[in-house]
Each structure stands twice: as C-alpha cells, then as structure tokens.
Amino acid sequence: MKPAMETAAEENTEQSQERKGCFECCIKCLGGVPYASLVATILCFSGVALFCGCGHVALAGTVAILEQHFSTNTSDHALLSEVIQLMQYVIYGIASFFFLYGIILLAEGFYTTSAVKELHGEFKTTACGRCISGMFVFLTYVLGVAWLGVFGFSAVPVFMFYNIWSTCEVIKSPQTNGTAGVEQICVDIRQYGIIPWNAFPGRMCGSALENICNTSEFYMSYHLFIVACAGAGATVIALLIYMMATTYNYAVLKFKSREDCCTKF
C-alpha cells in the first residue's frame with residue numbers, strides 16, 4: 001500500500017490539474033468571444049430600442065400639439081397624420097429587422113472565431129460561406145449609410161422643438177419690454193413645411209405660445225425626440241463597428257486556406 005502522504009499528494013496533483021484544465025478551457029472560450037460584435041449588438045439593440053420607442057411616442061405627441069394648437073381644421077393636417085401613422089408602422093418593422101439582424105451578425109462573429117475551430121474540428125471555408133459573409137459586409141455598409149440619413153432626419157424635429165422652446169424662453173425673460181412686446185413674439189409652424197400655408201391658425205404668439213411650451217405633450221415630445229436622435233446616433237456607431245467586424249471576418253474566411261489565422265471579431 002502507498003503511504004498516506006503519497007496518496008494525498010497524488011490527489012492534490014490531480015485536483016490542481018483539473019482546476020488548471022478548467023481554467024484553460026475558460027480562457028479559450030473567453031478568447032474566442034467576438035467582443036466587437038457583442039458590443040455592437042448591445043449598442044445596436046439599445047439604440048434601435050430608444051429610437052423606435054421614443055420616436056413612436058414623440059410622433060403621437062406632435063400630432064396632438066398640431067391638432068390642438070396650430071391646425072384646428074382636420075383636413076389641413078390629414079396628410080401629415082397619415083405620414084406619421086405610416087412612420088409609426090415603419091418603426092415596428094425597423095425594430096423587428098434589427099433584432100434579427102443583430103443576432104445573425106453576432107452568430108456570424110462567434111462562428112468565425114478560433115473557438116469554433118477548436119470545439120468542432122477543422123473549420124473549412126466554402127464558396128457559399130464566403131458569399132454569405134460578403135453579403136453581410138455589403139448589407140451592413142448599406143444600412144450604415146441609410147442610418148446616417150435617419151440620424152440626420154431625426155435631428156429635424158429636435159431643431160424644430162428647440163426653436164419653439166427657445167422662443168418661449170425669450171417670452172419668459174424679464175428683459176422683454178411689456179405685454180405688447182411679448183405678443184409680438186411668434187412661432188409660425190407652417191414655415192417648417194409640415195402643414196400647408198392655408199392652415200389656421202398656423203402660428204402662436206405671446207402668452208399662448210408660452211402655454212404650449214408648458215404643456216406635458218410639448219415637454220415629453222421634445223425630450224423624447226432628443227432621446228430618439230441619440231438612439232439613432234448609437235445605432236450608427238454600432239453599424240460602424242459591425243462594418244469593421246464583418247469586413248474582418250470576410251477577410252479571414254477569404255484567406256483561411258492560405259494561412260492559419262484566427263479572428264476575435
């Protein structure tokens with residue numbers, strides 16, 4: 001029989017090897033995580049959620065403000081109401097599409113890492129795989145350019161609401177000379193082109209304009225449009241990261257047969 005001390009030493013050695021093996025396995029798994037795609041996915045989901053959720057509510061509040069204060073005739077803003085309703089439906093589609101697209105790009109990032117090669121054997125590329133990866137590169141670039149336009153478009157209502165808010169701040173300023181001066185300070189919403197020039201009343205002045213700025217619809221819509229614009233900007237950043245990740249993954253797949261390189265994207 002072996003001495004008790006030798007048996008205990010062997011058991012300790014086996015336990016240390018098991019712990020070392022588990023540690024090395026964890027390190028390999030963490031080393032194979034596509035961190036860039038993971039960060040881009042989280043940022044993309046957050047940005048799209050902010051843009052779609054806040055934009056949907058802000059558009060509804062904008063319609064309420066127009067109907068109650070700037071365009072009392074329904075026929076004057078009927079087209080605008082239809083466009084806003086259409087945009088709200090488009091928002092639903094955008095949210096669903098980016099939820100699926102983000103998951104697909106994240107999955108592609110995982111399956112082009114060295115962890116896949118080590119866990120599932122030799123990772124061989126095919127023409128179909130390279131074609132799909134190239135398609136993701138092209139589609140991500142197109143979406144990135146499109147979202148630059150969305151980001152710019154989302155800044156328009158922020159600019160409009162900021163002008164109205166700044167005018168209200170001028171009215172509240174103690175430097176304004178008397179009631180007559182206050183009533184001469186106006187905002188004409190028709191100049192933004194969202195309602196026709198024959199819409200009535202079309203503009204608000206003085207204390208009436210200040211009351212609009214104090215309504216909950218204006219306050220919520222203004223801040224929600226700011227958050228939606230920030231969400232669109234976050235989505236643009238996420239797509240830029242996706243561009244780098246998909247381009248790198250495509251290059252790895254293309255040159256996989258010539259050199260044994262691994263990707264961490």
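- The name given to the chain in an unreviewed UniProt entry is Neuronal membrane glycoprotein M6-b isoform X5, and the organism recorded there is Balaenoptera acutorostrata.
- Under the UniProt heading Subcellular location (unreviewed entry), the entry covering the chain gives this text: "Membrane".
- Under the UniProt heading Sequence similarities (unreviewed entry), the entry covering the chain gives this text: "Belongs to the myelin proteolipid protein family."

### Quick look at the pattern of salt bridges
Okay, step 1: For the structure shown, the criterion picks out two salt bridges.
Okay, step 2: Where K172 meets E169, a salt bridge forms, and the shortest distance between an N and an O atom there is 3.9 Å. Residue K172 and its partner E169 are both found in helix α5 (residues 127–172); the two are separated by three residues, about one turn of the helix.

### Some points on helix α7 (residues 206–213)
Okay, step 1: Restricting attention to buried positions, one finds in α7 the residues G206, L209, I212 and C213. Looking straight down α7, one finds its buried side chains confined to an arc of 120°; they lie on one side.

### Here's the deal with the UniProt feature "transmembrane region" (unreviewed entry) in the chain
Okay, step 1: The sites that UniProt annotates as "transmembrane region" (unreviewed entry) are residues 38–66, 86–111, 132–156 and 224–248.
Okay, step 2: With 100% helix and 0% strand, residues 86–111 has its two end C-alpha atoms placed 38 Å apart.

### Brief notes about the side chain of R190
Okay, step 1: By secondary structure assignment, the location of R190 is in the loop between β1 (186–188) and β2 (203–205).
Okay, step 2: Among the residues examined, R190 registers a relative accessible area of 16% and is labelled buried.
Okay, step 3: Here W197 takes part through its backbone oxygen, which lies 3.0 Å from a polar atom of the side chain of R190.
Okay, step 4: Those residues within four positions of R190 in sequence are excluded, and the remaining contacts are I195, P196, W197, A199, P201, G202 and R203.

### Regarding the confidence of the model for the chain
Okay, step 1: For the chain, per-residue confidence averages 78 on the pLDDT scale, and residues scoring 70 or more make up 73% of the total.
Okay, step 2: The weakest mean pLDDT in the chain belongs to helix α4 (residues 114–120) at 46; the strongest belongs to helix α2 (residues 35–70) at 90.
Okay, step 3: Under a pLDDT of 50 for its full length, residues 259–265 has, in the predicted model, 26 contacts with residues more than four places off or in other chains.

### Some words on helix α3 (residues 78–111)
Okay, step 1: With 34 residues, α3 should cover 50 Å at 1.5 Å per step; its first-to-last C-alpha distance of 50 Å lies within 8% of that length.
Okay, step 2: Regarding α3, the residues found buried are L80, I84, Q88, I91, F98, Y101, G102, L105, L106, E108 and G109.

### Let's talk about the packing of α2 against α3
Okay, step 1: Close contact between α2 and α3 brings their axes to 9 Å; oriented N to C, the two are set at 175°. Here α2 lies roughly antiparallel to α3, going by the angle between them.
Okay, step 2: Considering only residue class, the contact of α2 with α3 consists of 21 nonpolar, eight polar and one charged.

Conventions used here
- Residues numbered from 1 in each chain as written.
- Predicted model: local features only at pLDDT ≥ 70, side-chain atom pairs only at ≥ 80, totals over all residues.
- Heavy atoms only, no water.
- UniProt positions renumbered as here; feature names shortened; annotations may be inferred.
- Salt bridge = Lys/Arg side-chain N within 4 Å of Asp/Glu carboxyl O.
- Helix = DSSP H or I, 4+ residues; strand = E, 2+ residues; numbered from the N terminus.
- Buried < 20%, exposed > 50% of the residue type's maximum accessible area, 1.4 Å probe, protein only.
- Arc of directions from axis to C-beta.
- Polar contact = N/O pair within 3.5 Å; in protein donor to acceptor, adjacent residues only side chain to side chain.
- Contact = heavy atoms within 4.5 Å.
- pLDDT = per-residue confidence, 0-100.
- Expected span 1.5 Å × (residues − 1).
- Axes fitted to C-alpha atoms, helices over the stretch in contact; angles between N-to-C directions.
- Parallel < 35°, antiparallel > 145°, perpendicular 65-115°, else oblique.
- Nonpolar A, V, L, I, M, F, W, Y, C, P; charged D, E, K, R; others polar.

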